Amino acid sequence: MTAHEEGETLVSLTGVNKHYGSLHVLQDINLQVKRGEVVVVIGPSGSGKSTLCRTINRLETIDEGTITIDGKELPAEGRQLAQLRADVGMVFQSFNLFAHKSILDNVTLGPIKVNKQDKAGAEKDAMALLERVGVGKQAPKLPAQLSGGQQQRVAIARALAMKPKVMLFDEPTSALDPEMINEVLDVMVQLAKDGMTMIVVTHEMGFARKAADRVVFMADGQIVEDAEPEEFFTNPKSSRAKDFLSKLLSH
Amino acid sequence: MSTLLDNLDLFTEGFKNTIILFFFSAIFAVIIGMIVGAMRVSPIPAARAVGTVYVNLVRNTPLTLILFFFALGYPKLGLPQISFMVAAIVGLSLYTATYIAETIRSGINTVPVGQAEAARAIGLDFGQTLSLVVLPQALRAVIPPLFSVLIALLKNTTVAAGFSVMEAGAIRANLSERGEPAMTGLLWVALGFILLVALLSLLQRYFETKWKVAR
């Protein structure tokens, strides 16, 4: 298997269309993400960027087009889909830690139940991951006892525990108090440096500049621009992107 | 007091059978109810349809008619014969399961949708998502209504008295045959039920405290 060469396509969306009733929320989306690449998706709210992110592990179905992960097309519901989802880590805006389970159990649930890892091994790996994101001491607590920033770092550890090929971040810092945003972004920047393939929907332009290989700008369900961060921020081509950036910088 | 002490055999036999009826019916009703509740939220349309038809059909039928069917109709179907006791347990379980299913379904709806999404995102299938993440949280939310259903079941066991099952509801009729005052007998039966329900309420409080979940 030569699957770990850099530069080959890991996630591929071709001709993807999706409607919510009369709203054409994704319009002819074509997006290729290479192994090890960090792609930041930005755009005004309602532009379809979160939906795009969620179609990649089929939390949202699509009406047309194909999505492949590591060459395999997303299967329909069932065991194969569950297996494929295990390869795609997901971090949500609202953390979604399992409210009735301890921090440690949140992280070990997937490895034990899906990967059939033994409990002791899973707990050892989970502790290492929790230490890595800086919340090792919180392991026995329940999610509600942690701050938002801590919860989101646990959510990242939970996704990493499945050893995913790609990580999706759906506005991971949008629900956080300002002073907690950086602790989460630091973990993400480190993850990017370690070579993880990442697709990040965010409003954090600082993160996009620091860690992204590419910035994808979406508006009204379409990909309007797809450029390197420096190029995009200093020299946006479309009027939509110029308009969007000017609104961000005006305060 | 003499009504109770002189006929202790009747009272113990009656309440023993009530407890047996309740215990087995409760277990089967909770198991069937969880399965049917899960069917009603399942992504498979056929499972949802079966669950909906079952709940609406059985819940809309009076318990007396259901027990009539198992006591009088079932023996004529040419299937293996069952005792009145077993027939009563089957009838009570199937009837109570519809209420449990609806209680659990409402509990499932209280669990934020993000919990199930996060479970699916780490690769859990539908059954695992439900049993490991959603149901444990749903059950916590529905402990009070769930116990209301179980208390109703405990009292519904008296309906089985009309079908030759010697349980607590039948004590009064038997007392009358022995020439005891009916009212006194009924009071003792009522007291017995109050004690049993009080035990269930204690159990409810235990679960509520133990499963309190912080959000």
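Please refer to the structure placed before this passage.
Residues numbered from 1 in each chain as written. Chains lettered and ligands numbered in written order. Predicted model: local features only at pLDDT ≥ 70, side-chain atom pairs only at ≥ 80, totals over all residues. Heavy atoms only, no water.

Caption draft 1: Broad picture of the overall build of chain B. A tally of helices and strands in chain B yields ten helices and zero strands. Reading chain B from its N terminus to its C terminus gives the helix and strand order α-α-α-α-α-α-α-α-α-α. For chain B, buried positions account for 46% of its 215 residues. Long-range contacts, defined as pairs at least 24 residues apart, comprise 78% of the intrachain contacts of chain B with a sequence gap of at least 6. Looking at chain B as shown, the accessible area adds up to about 10,500 Å², and 70% of this sits on carbon and sulfur atoms. With 15 positive and 10 negative side-chain charges, chain B shows a spacing of 12 Å between the two charge centroids. (Helix = DSSP H or I, 4+ residues; strand = E, 2+ residues; numbered from the N terminus. Buried < 20%, exposed > 50% of the residue type's maximum accessible area, 1.4 Å probe, protein only. Contact = heavy atoms within 4.5 Å. Areas by Shrake-Rupley, 256 points an atom, 1.4 Å probe, with all protein chains shown as cover. Lys, Arg positive; Asp, Glu negative; His and termini not counted. Charge placed at Lys NZ, Arg CZ, Asp CG, Glu CD.)

Caption draft 2: Layout of helix H6 (residues 178–193) of chain A. Residues and elements named next belong to chain A. Here H6 is 16 residues long and its end C-alpha atoms lie 23 Å apart, about the 22 Å a rise of 1.5 Å per residue gives. Those residues of H6 not exposed but buried are Met180, Ile181, Val184, Leu185, Val187, Met188, Val189, Leu191 and Ala192. Those residues of H6 that are buried lie in contact with strand E3 (38–42), helix H4 (119–132), helix H5 (148–160), strand E7 (166–170), strand E8 (197–201) and helix H7 (205–211). Looking one or two residues beyond H6, the residue adopting positive phi is Gly195, at roughly 95°. (Expected span 1.5 Å × (residues − 1).)

Caption draft 3: Broad picture of a nonpolar patch on the surface. Taken together, the side chains of Ile19(B), Phe23(B), Phe24(B), Ile27(B), Phe28(B), Ile31(B) and Ile35(B) define a hydrophobic patch exposed on the protein surface, amounting to about 640 Å² of accessible area. In this structure, Ile35(B) sits in helix H2 (residues 8–40). (Patch = residues over 30% accessible without salt bridge, like charges linked within 9 Å, V, L, I, M, F, W, Y side chains within 5 Å. Salt bridge = Lys/Arg side-chain N within 4 Å of Asp/Glu carboxyl O.)

Caption draft 4: Structural detail: the sheet that holds strand E2 (residues 23–34) of chain A. Overall, antiparallel pairing links the four strands, which are arranged E2-E1-E4-E5 (chain A) in an open sheet. Of all the strands in the sheet, just E2 and strand E5 (72–73) of chain A have a single pairing partner and so form its edges. (Pairing = 2+ DSSP bridges.)

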